[in-house]
Number of protein chains: 2
Amino acid sequence: MQQLKQRILREGKVLPGNIIKVDGFLNHRVDTALMREIAKEFARRFDTTGITAVLTVEASGIPLGTVTAEELGVPLVFAKKAKSDNIEGGLLRSDIYSYTYKKTVTLLVSGQWLGPQDKVLIVDDFLANGEALRGLVDIVNQAGAEMIGMGVAVEKGFQGGGEKLRAAGVNLVSLAIIESADENGITFREEEA
Amino acid sequence: MQQLKQRILREGKVLPGNIIKVDGFLNHRVDTALMREIAKEFARRFDTTGITAVLTVEASGIPLGTVTAEELGVPLVFAKKAKSDNIEGGLLRSDIYSYTYKKTVTLLVSGQWLGPQDKVLIVDDFLANGEALRGLVDIVNQAGAEMIGMGVAVEKGFQGGGEKLRAAGVNLVSLAIIESADENGITFREEEA
């Protein structure tokens, strides 16, 4: 998606350790008009016939998840990342390793809001090691729901998470796949141009 | 806002300890069409001339914050709740007490995304003790930004957070103020009907 790639090139910053900061428009300050364009692109790229929900994970997946859900006319469900008093019985849960926080984090979704009748598009802002998204797939499977596919704004192609998900048969669409990011700048994977 | 109150009456659940669960449409599964109606109501109720950003706090404030920001044509900024590797220098921070997690939590916003040039509407899904919202006001003040007001979907009127904010001069608009919630059901405050 050219608009997103241009935005990454213009405003993205590469920090030591291959960290790519896009927090001026994607995951701290959020350009909601760009989220809408990304959501429309997901609507074009997936067959959303019969879809019943968009699933994402707190916190930075929520802006894009919200706009995508509205675009598709279905509810958003977001997985929570810790035990909260406000979630009760029938929990779907998956343990993932958070590279950001360097510890295991449990993703939780109430079984009330995801079940065998559901047809789900998973959405996230960022895909690096793919742990969070693996956890969401696990939760969709536990619910007995069907996964239409997975839409990601920015994939760090050099960290392998996307390859693992594709190898597992996930219909993954990443709108900007970063092949390398260092002091020489950011390069995108060709085939997704 | 009648649509929201009816939804609370129809789908809200009261749990022991005056916990009001509205997680089927507000803060776990999210009805994005309802978020849009709430955002339109905020647009009507506040003078948003010159507004530059909507500010909320992760995680459950983000869906409503996102839709409100899009409705007003400005970026969303969401405060983060813990130290993350992905936030750097110039941090605005405020310590709040989380009644949900029963501990002190630090709200963080990068000073890059909020400054003296900003005119901000604070938005959140829920107002109970008002700690998170007090923290957001603190952050707006630290940034030297101007606060237009504060828009909340559901206020638990019997927990005092809203009164404290109003007493401090905050232009607070809550679209459904719950006066009592117990085994007899949910009652709303009259003047906000």
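Refer to the preceding data block for the structure.
Residues numbered from 1 in each chain as written. Chains lettered and ligands numbered in written order. Predicted model: local features only at pLDDT ≥ 70, side-chain atom pairs only at ≥ 80, totals over all residues. Heavy atoms only, no water.

Participant: Is there a simple way to explain the interface of chain B and chain A in this structure?
Facilitator: Accessible area lost upon the coming together of the parts is a frequently used measure of interface size. On the side of chain A, 40 residues touch chain B, which itself brings 40 residues to the contact. Both sides together, the interface formed by chain B and chain A hides about 3,600 Å², and carbon and sulfur atoms give 55% of it. The interface formed by chain B and chain A includes two salt bridges. In this structure, Arg36 of chain A engages Glu70 of chain B in a salt bridge whose closest nitrogen and oxygen atoms are separated by 2.7 Å. (Contact = heavy atoms within 4.5 Å. Buried area = accessible area lost by both parts, 1.4 Å probe. Salt bridge = Lys/Arg side-chain N within 4 Å of Asp/Glu carboxyl O.)

Participant: Any chance you could explain the relation of the copies chain B and chain A here in plain terms?
Facilitator: Both copies of the chain are tied together by a single rotation about an axis and a shift running along it. Between chain B and chain A, the superposition needs a rotation of 180° and an axial shift of 0.0 Å, giving an RMSD of 0.0 Å. Here the transformation between the copies is reduced to the relation of a two-fold axis. Taking C-alpha positions as the reference, the residue of chain B nearest the rotation axis is Ala59 of chain B, at 2.6 Å. The overlap is high: 100% of the interface residues of chain B also sit at the interface in chain A, so the same surface is used on both sides. (Least-squares fit on C-alpha atoms with pLDDT ≥ 70 in both.)

Participant: Any chance you could explain the nonpolar core here in plain terms?
Facilitator: Looking at soluble globular proteins, one finds that nonpolar side chains tend to be buried together. Within the largest apolar cluster, 76 residues are counted, with the highest numbers of intra-cluster contacts made by Leu4, Ile8 and Ile38 of chain A together with Leu4, Ile8 and Ile38 of chain B. Beyond its immediate sequence surroundings of up to four residues, Leu4 of chain A is in contact with Phe25, Leu34, Ile38, Ala153, Val154, Leu175 and Ala176 of chain A. (Core = buried A, V, L, I, M, F, W, Y, C linked by side-chain atoms within 4.5 Å. Buried < 20%, exposed > 50% of the residue type's maximum accessible area, 1.4 Å probe, protein only.)

Participant: I would appreciate a short explanation of the sheet that holds strand S5 (residues 76-79) of chain B in the present structure.
Facilitator: The strands making up a sheet associate through hydrogen bonds between their backbones, and the pairing can be parallel or antiparallel. The strand order across the open sheet formed by seven strands is S3(A)-S5(B)-S4(B)-S8(B)-S9(B)-S10(B)-S11(B), and the pairing between neighbours is mixed. The two strands at the open ends of the sheet, each matched to only one other strand, are strand S3 (29-30) of chain A together with strand S11 (185-188) of chain B. With two bridges joining them, S3 of chain A and S5 of chain B adopt antiparallel strand pairing. Across the sheet, residue Val30 of chain A finds its bridge partner in S5 of chain B, namely Leu76 of chain B. (Pairing = 2+ DSSP bridges. Helix = DSSP H or I, 4+ residues; strand = E, 2+ residues; numbered from the N terminus.)

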